[in-house]
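One letter stands for each residue in the lines below.
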Amino acid sequence: MLYLYAITRSDAPPLPDPADLAGGPLDLLVSGELAAVVGAAERAPPADEATLWRHARLLDLLMADRALLPARFGTLLGEGRLRAVLGRHRATLLADLERLAGCVELSVRGLWPEGEAEPAGPPPPTGRAYMAELLDRERARRARAAGAEAIHAALAPLARAATRGPARAGMPLTAAYLVGRDNVAAFRAAVALADSPGLRLICTGPWPPYSFVTSLEE
Amino acid sequence: MEQPSLERRVTLLDLLDRILDKGVIIQGDLTISVANVDLVYVGLKVLLTSIERAEQMRRLAGDAGAPDQA
């Protein structure tokens, strides 16, 4: 069985030496202009934190000098199946590699500041206090939601592409931005400037362009 | 008690949201068991919310005059 890390162009630079990151040598399975970066594996790796980070560091190493489409963690398949996927989706995969070349993904989350986390407990039981508390909570929630919208509206035009994730409790902004590798520092500086009262912004990355890969229709 | 910083926790959440849910997804594959993934996720969500809540309670306790190490 093959463990799939990423899909690249077959004319990408030679594979780096992953040291101990991959748990074994990496291999390229070439199919025309496409190549899959794979390792040999009999079973999928455990989904523990250390393994996930090792996988992430390996992809960091790979994306340093090539355009790639990261595979979802834990993708284990036979060679025939992988060749069939590369063949059937060749046009989509090549177009994605072209569109995403030279780009990385940055994540921006807007959180309620620590210590001001969205209240989760039941409001006071009595009528007046209950109404006042509900009103306060709703006002605070709406103010932060509006702040999150404004921040995303300001950041999206600075990126080549942008996508929003679902809001979570205490986290009104979850967004990903596709940014040219040369623009990462400038984009981070923009995030620092975009800070909004009542929201703490945390920018992470660069990540491989996970959020901007076209989903494959079977 | 040593708690990972908010940045670290968010970075881990960003990692999970990406490598477990996004990228090239080949349908019908033999992939890691969903139970495992869910466990990592559930553990992290509990971590995120419980630490935020613990922080909140700690501050409230601090305001009430309890000793505060931080």
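Residues numbered from 1 in each chain as written. Chains lettered and ligands numbered in written order. Predicted model: local features only at pLDDT ≥ 70, side-chain atom pairs only at ≥ 80, totals over all residues. Heavy atoms only, no water.

> For this particular structure, what's the right way to read the overall build of chain A?
In terms of regular secondary structure, chain A is built from five helices and nine strands. Each helix and strand of chain A, placed in order from N terminus to C terminus, yields the pattern β-β-β-α-β-β-α-α-β-α-β-β-α-β. Here the C-alpha atoms of chain A give a radius of gyration of 21 Å, more than 25% beyond the 17 Å that 2.2 N^0.38 yields for 218 residues. Counting only C-alpha atoms, chain A reaches 70 × 35 × 35 Å along its principal axes. Across chain A, contacts joining residues at least 24 apart in sequence account for 77% of those joining residues at least 6 apart. Approximately 10,300 Å² of chain A is accessible, and the part contributed by carbon and sulfur atoms is 56%. Charge separation in chain A, taken as the distance between the mean sites of 24 positive and 25 negative side-chain charges, equals 5 Å. (Helix = DSSP H or I, 4+ residues; strand = E, 2+ residues; numbered from the N terminus. Rg over C-alpha atoms; globule rule 2.2 N^0.38 Å. Contact = heavy atoms within 4.5 Å. Areas by Shrake-Rupley, 256 points an atom, 1.4 Å probe, with all protein chains shown as cover. Lys, Arg positive; Asp, Glu negative; His and termini not counted. Charge placed at Lys NZ, Arg CZ, Asp CG, Glu CD.)

> Explain helix α4 (residues 127-155) of chain A to me, please; I cannot follow it from the model alone.
One turn of an α-helix holds 3.6 residues; hence residues three or four places apart share an orientation. Residue and element names in this part refer to chain A. Taking 1.5 Å of rise per residue, 29 residues should cover 42 Å, and α4 covers 42 Å from first to last C-alpha, within 8% of that figure. For α4, the complete set of buried residues consists of Arg144, Gly147, Ala148, Ile151, His152 and Leu155. Along its buried surface, α4 packs onto β6 (103-111), β7 (161-164), β8 (173-180), α5 (184-193) and β9 (200-207). (Expected span 1.5 Å × (residues − 1). Buried < 20%, exposed > 50% of the residue type's maximum accessible area, 1.4 Å probe, protein only.)

> Can you walk me through the pattern of salt bridges in this structure?
Between side chains of opposite charge, a pair can form when the charged atoms approach closely. Applying the stated criterion across every chain, the model contains 14 salt bridges over all chains. For A:Asp11, the salt bridge identified is with A:Arg9, shortest N-O distance 3.1 Å. Residue A:Asp11 is classed as exposed on the basis of its relative accessible area of 57%. For A:Arg9, a relative accessible area of 30% corresponds to the partly exposed category. Of the charged contacts, one joins B:Asp14 and B:Arg18 as a salt bridge, the two residues approaching to 3.5 Å between their closest N and O atoms. Note that B:Asp14 and B:Arg18 are positioned in helix α1 (residues 6-19) at a spacing of four residues, about one turn of the helix. You'll find B:Asp14 and B:Arg18 in the same group, each marked buried. Several salt bridges share partner residues, and in doing so they unite A:Glu105, A:Arg109, B:Asp14, B:Asp17 and B:Arg18 into one network. (Salt bridge = Lys/Arg side-chain N within 4 Å of Asp/Glu carboxyl O.)

> Got a minute to help me understand the packing of aromatic side chains in this structure?
By convention here, two paired aromatic rings are described through the distance between centres and the angle between planes. Residue and element names in this part refer to chain A. Applying the stated rule across the entire model yields two aromatic pairs over all chains. Ring centres of Tyr3 and Tyr5 lie 4.9 Å apart, and the angle between their planes is 75°; this geometry places the pair in the edge-to-face category. The two residues Tyr3 and Tyr5 agree in class, both being buried. Ring centres 5.1 Å apart and planes at 45° place the aromatic pair Tyr177 and Phe187 in the tilted group. One end of the pair, Tyr177, is in strand β8; the other, Phe187, is in helix α5, and 10 residues separate them in sequence. By relative accessible area, Tyr177 is classed as buried at 0%. A residue is classified by how much of its surface remains accessible, and Phe187, at 3% relative accessible area, is buried. (Phe/Tyr/Trp six-rings, centres within 6.5 Å; stacked < 30°, edge-to-face > 60°.)

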